[in-house]
Amino acid sequence: MEHKLEELKKDALQAVKAAKDKLHLEEVANKLLGRKQGELTILLKGLKDLSDEMRKSAGQLANEVKQTIEEAINVKRNTFEAEEMKTRLVEEKIDISVPALPKKTRGHLHPNTIVQRDLEDLFSSMGFTVLDGPELESDYYNFTALNIPETHPARDMQDTFYIKGHANWVMRTHTSPMQVRAMQKYGAPLRVVVLGKCFRNEATDVRHEHTFYQMEGLVVDENITFSHLKGVLEIVAKHLYGDDTQVRLRPKFYPFVEPGVNGEVTCFTCQGKGCRLCKNSGWLEIFGAGLVHPNVLKEGGIDPEKYQGFAFGFGLTRLAMLQYGIDDIRLLESGNLSFLEQF
Ligand code: DAH
């Protein structure tokens, strides 16, 4: 028995010494001291079969061996833990003298997009559907379907970019072509807005640009009157410029509406008193509107005897310019960062 204990001690100390890492060490510890199958545990269990005298001396030795092994394991365990701590400290070290990372610059919305989204939200809340439309449009939808026949002088007011070799296609001059497209696709009743880019062949200056944004609105239903149109326009005006804003409608010719009006709102900088922005008139011209011409309803496949409609067109670019005090329209499409970064 005593011999066996000495042998075990020798082997055990060697095994502990040879353990490569913590896991390995725990395996060795378990093999020796495990409560059921541990080698030393089994030996100790054998003590009870010895004579009293032998048990006494063997018992003493067994305890010593156990202590020595346990101690060796503990020492080894501590060395592993110290090493572990050391590598963790190295890994987690923060060098506070390293210069900060360069600040990440985030993009942001273009002023036109801010104005566009604001109005999309407003009209969605009133039950309008927001539609998109083609920027390259057929001559038919851009002009003819809107009661502007080929020889009509109204075409001259909206000179555009024609497509070489495709005489029937134009870059749309307004968002109005979507009126007939929407009527043909969805029929009546109808409540839509269309927001997007339009193009005109302009000699550009601070007030004219070849590319700009518009918002078109169209409502078709039974018993539509001019007061429905005015009601909606007043909601837009108050939303944009506050509850005291008033709307003024004055007759103006647009081929696709009858009657047609030119819409103004009280100037938000001078509250109608007159200032530089409104050229001392007290009013800002921001939209065109009217009751949809029966010919346009017919083109849309809608019976003008049964249904009426109203339509309006806002210059979104103009709204953005007014809102942000931008005095040169060309800046908006310039891609000039020192301009854009202000928003
Ligand atoms: N399409 C017109 C333009 O670009 C604006 C307009 C006027 C739209 C009257 C309308 C309207 O829907 O009824 O000048």
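Please read all numbers here as calculations on a predicted model, not as lab measurements. (Residues numbered from 1 in each chain as written. Predicted model: local features only at pLDDT ≥ 70, side-chain atom pairs only at ≥ 80, totals over all residues. Heavy atoms only, no water.)

Q: Which residues make up the UniProt feature "domain: Aminoacyl-transfer RNA synthetases class-II family profile" (unreviewed entry) in the protein chain, and what values go with them?
A: Those residues carrying the UniProt feature "domain: Aminoacyl-transfer RNA synthetases class-II family profile" (unreviewed entry) are residues 115-333 in this numbering. The span residues 115-333 is 27% helical and 31% strand by assignment, and the distance between its end C-alpha atoms comes to 15 Å. (UniProt positions renumbered as here; feature names shortened; annotations may be inferred. Helix = DSSP H or I, 4+ residues; strand = E, 2+ residues; numbered from the N terminus.)

Q: Report on a negative patch on the surface, specifying residues and quantitative values.
A: A cluster of like negative charges, contributed by Glu-2, Glu-6, Glu-7, Asp-11 and Glu-64, occupies part of the molecular surface. No other element matches the 4 residues that helix H1 (residues 2-18) contributes to the negative patch. Counting through the fold element by element, Asp-11 comes out in helix H1. (Patch = residues over 30% accessible without salt bridge, like charges linked within 9 Å, V, L, I, M, F, W, Y side chains within 5 Å. Areas by Shrake-Rupley, 256 points an atom, 1.4 Å probe, with all protein chains shown as cover. Salt bridge = Lys/Arg side-chain N within 4 Å of Asp/Glu carboxyl O. Lys, Arg positive; Asp, Glu negative; His and termini not counted. Charge placed at Lys NZ, Arg CZ, Asp CG, Glu CD.)

Q: Give me the UniProt feature "binding site: Mg(2+)" (unreviewed entry) in the protein chain: which residues, what numbers.
A: Taking the numbering used here, the UniProt-annotated feature "binding site: Mg(2+)" (unreviewed entry) corresponds to Glu-258. By the element assignment, Glu-258 lies in strand E8 (residues 257-266). For Glu-258, the residues in contact, after removing those within four places along its chain, are Leu-291 and His-293. (Contact = heavy atoms within 4.5 Å.)

Q: Describe in detail the pairing of strand E4 (residues 166-171), supporting the description with residues and values.
A: Consecutive side chains along a regular strand alternate between the two faces of the sheet. Across 3 bridges, strand E2 (residues 136-138) lies against E4 in antiparallel orientation. Across the sheet, Ser-138 pairs through a bridge with Trp-169, a residue of E4. Where strand E3 (residues 162-163) folds back on E4, the antiparallel hairpin that results is connected by 2 residues, among which Gly-165 adopts a positive phi of roughly 80 degrees. (Pairing = 2+ DSSP bridges.)

Q: Please set out the site of the ligand residue by residue, giving values where relevant.
A: Taken together, 16 residues surround the ligand, and among them His-174, Ser-176, Arg-200, Gln-214 and Glu-216 come closest. Contacts to the ligand include Glu-216, whose side-chain N or O atom sits 2.6 Å from an oxygen atom. When isolated, the ligand has an accessible area of 350 Å², and the protein chains bury 92% of it. The pocket occupied by the ligand, as judged from atoms lying within 2 Å of grid points, is the largest pocket. Listed by contribution, the elements that provide at least two residues to the shell around the ligand are strand E6 (211-221), strand E9 (283-292) and strand E10 (308-315). Looking at the shell around the ligand residue by residue, the classes come out as 6 nonpolar, 8 polar and 2 charged. (Near = heavy atom within 4 Å. Polar contact = N/O pair within 3.5 Å; in protein donor to acceptor, adjacent residues only side chain to side chain. 1 Å grid on protein atoms, 1.4 Å probe; cavity = no way out; pocket = protein on both sides within 12 Å on 5 of 7 lines; lining within 4 Å. Sits in = over half its atoms within 2 Å of the grid points. Nonpolar A, V, L, I, M, F, W, Y, C, P; charged D, E, K, R; others polar.)

Q: Mind laying out the packing of helix H2 (residues 22-33) against helix H4 (residues 52-91), listing which residues take part and the relevant values?
A: Running from amino to carboxyl end, H2 crosses H4 at an angle of 165 degrees, the nearest separation of the two axes being 10 Å. On the basis of the axis angle, H2 is roughly antiparallel to H4. Seen along the crossing, H2 lies across H4 with a hand that is left-handed. The segment H2 lies against H4, with Lys-22, Leu-25, Glu-26, Ala-29, Leu-32 and Leu-33 engaging Lys-66, Ile-69, Glu-70, Ile-73, Lys-76, Arg-77, Phe-80, Glu-81 and Glu-84. (Axes fitted to C-alpha atoms, helices over the stretch in contact; angles between N-to-C directions. Parallel < 35°, antiparallel > 145°, perpendicular 65-115°, else oblique. Left-handed = near helix turned anticlockwise from the far one by under 90°.)

Q: Now, about the layout of surface pockets: what can you tell me, with residues and values included?
A: In this model, the largest pocket occupies a volume close to 1600 Å³. What lines the largest pocket is a set of 50 residues, and nearest its centre among them are Arg-207, Glu-285, Ile-286, Gly-315 and Arg-318. Ranked by the residues each element gives to the lining of the largest pocket, the list is headed by E9, at 7 residues. Looking at side-chain class alone, the lining of the largest pocket contains 25 nonpolar, 12 polar and 13 charged residues. (Points joined across faces, edges and corners; volume = space filled by probe spheres on them.)

Q: Give me the packing of aromatic side chains: which residues, what numbers.
A: In this structure the tally under the stated criterion is 10 aromatic pairs. The interplanar angle of 10 degrees and the centroid separation of 4.7 Å between the aromatic rings of Tyr-241 and Phe-268 together place this pair among those described as stacked. Here the residue Tyr-241 occupies a position in helix H9 (residues 226-241), and Phe-268 occupies one in the loop between E8 and E9, the gap between them amounting to 27 residues. Given a relative accessible area of 23%, Phe-268 falls into the partly exposed group. Taken together, a centroid distance of 4.9 Å and an interplanar angle of 40 degrees make the contact between Phe-287 and Phe-314 tilted. Of this pair, Phe-287 sits in strand E9 while Phe-314 sits in strand E10, and the two are 27 residues apart along the sequence. We note that Phe-287, like Phe-314, is buried. Joined through ring pairs, the aromatic side chains of Phe-123, Phe-128, Phe-287, Phe-310, Phe-312 and Phe-314 make up one cluster. If you follow Arg-181 out to its NZ or CZ, it ends over the ring of Tyr-141, 4.1 Å from the centre. (Phe/Tyr/Trp six-rings, centres within 6.5 Å; stacked < 30°, edge-to-face > 60°. Buried < 20%, exposed > 50% of the residue type's maximum accessible area, 1.4 Å probe, protein only. Lys NZ or Arg CZ within 6 Å of the ring centre and 35° of its normal.)

Q: Explain the environment of Leu-32 residue by residue, including any values.
A: The residue Leu-32 is located in helix H2 in this model. We classify Leu-32 as buried; its relative accessible area is 5%. Separated by 262 residues in the primary sequence, Leu-32 and Pro-294 have C-alpha atoms spaced 101 Å apart. When sequence neighbours within four positions are dropped, the list of residues in contact with Leu-32 reads Ala-12, Gly-38, Glu-39, Leu-40, Thr-41 and Ile-69.

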